[in-house]
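Close look at the chain arrangement
Residue strings, one per chain:
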Amino acid sequence: MPNVPYQFYTADVFTDTQFGGNQLAVLPDARGLTTEQMAAITREFNYSESTFVFPPDDPKHTRRVRIFTPGGEVPFAGHPTVGTAHVLAAIGAFPLTGAETRIVLEENVGPVPVVIRARDGKPEFAQFSVAMLPKVSTPPVSRETLASMLSVDTNDLLDGDYAPQGVSCGLPFLLVPLRDRAAVARSRLKLEPWEQALKGHEHEMVMVFAADAERAGSDIRARMYGPSVNVIEDPATGSACACLAGYLA
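Residues numbered from 1 in each chain as written. Predicted model: local features only at pLDDT ≥ 70, side-chain atom pairs only at ≥ 80, totals over all residues. Heavy atoms only, no water.

**Here's the deal with the sheet that holds strand E13 (residues 221–226)**
What the 6 strands build is an open sheet, ordered E9-E10-E11-E12-E13-E14; its pairing is mixed. Lying at the two open borders of the sheet, with one neighbouring strand each, are strand E9 (135–137) and strand E14 (231–234). Direction aside, the axes of adjacent strands within the sheet are offset by 25° on average. Both strand E12 (residues 206–210) and E13 contribute to a ladder of 5 bridges, which runs antiparallel. The residue of E13 that forms the bridge with Met-207 is Met-224. (Pairing = 2+ DSSP bridges. Helix = DSSP H or I, 4+ residues; strand = E, 2+ residues; numbered from the N terminus. Axes fitted to C-alpha atoms, helices over the stretch in contact; angles between N-to-C directions.)

This is the structure in structure tokens:
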């Protein structure tokens with residue numbers, strides 16, 4: 001590692017509760033670090049993702065952000081995008097322009113617009129827009145294989161308009177609708193069938209969901225499995241939620 005200090009922050013994203021949500025480590029000035037060093041730092045934190053911030057390539061944009069999971073670099077991710085924007089706003093890395101500030105973060109998928117809302121000069125909300133519209137494809141596995149891989153019954157899988165589908169908004173997922181939240185709760189990803197059916201495929205990360213929410217004000221109960229990036233189950237996955245919104249639309 002370089003013999004210089006690197007400041008970092010940790011954040012809890014998609015929550016208003018400290019030590020809840022999805023953890024994120026942010027290095028607001030990562031200049032001088034190599035790809036290998038960023039990967040090693042990410043493994044040391046062992047969060048779902050860590051982000052490394054650089055000056056933008058295009059001066060019209062706000063920052064360049066590289067996103068790593070313990071399994072390697074990814075082109076785009078949701079909770080690192082909103083979490084990094086919030087951290088940079090909170091530490092004064094760029095000025096807030098009143099109640100709403102719009103920035104652009106350069107990620108490997110392309111420029112990602114983010115809106116930050118503030119109250120009394122402090123950020124309290126961040127929302128990203130995807131850099132690419134949803135790309136939809138047919139899943140590479142049968143319903144029987146999916147059911148076995150996810151530890152559910154075949155009749156737990158929906159069909160027709162709500163058949164499983166591969167979707168990407170910059171990071172691909174296999175979206176698997178289930179009949180109810182009980183099936184979502186029962187689901188467990190079996191690694192050996194997953195390795196045989198999906199490992200190395202474009203849509204190797206899997207999100208199961210049901211239109212059967214647990215909490216008032218919610219619509220969907222979902223879980224995301226990502227063993228390919230060393231995240232067996234993610235607490236919350238913004239990039240998969242973006243794909244889900246595209247799927248539902």
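**As for the pattern of salt bridges**
In total, this model carries 13 salt bridges according to the counting rule given. Note that Lys-135 and Glu-202 form a salt bridge whose closest N and O atoms lie 3.6 Å from each other. Note that Lys-135 is positioned in strand E9 and Glu-202 in the loop between helix H5 (191–197) and E12, a separation of 67 residues in sequence. Among the residues examined, Lys-135 registers a relative accessible area of 45% and is labelled partly exposed. A salt bridge links Asp-159 to Arg-143; the nearest nitrogen and oxygen atoms lie 3.9 Å apart. Linking Asp-159 in the loop between helix H3 (143–149) and strand E10 (165–168) with Arg-143 in helix H3, this pair joins segments that are 16 residues apart in sequence. Among the charged side chains, a salt-bridge network with shared partners connects Asp-156, Arg-179 and Arg-186. (Salt bridge = Lys/Arg side-chain N within 4 Å of Asp/Glu carboxyl O. Buried < 20%, exposed > 50% of the residue type's maximum accessible area, 1.4 Å probe, protein only.)

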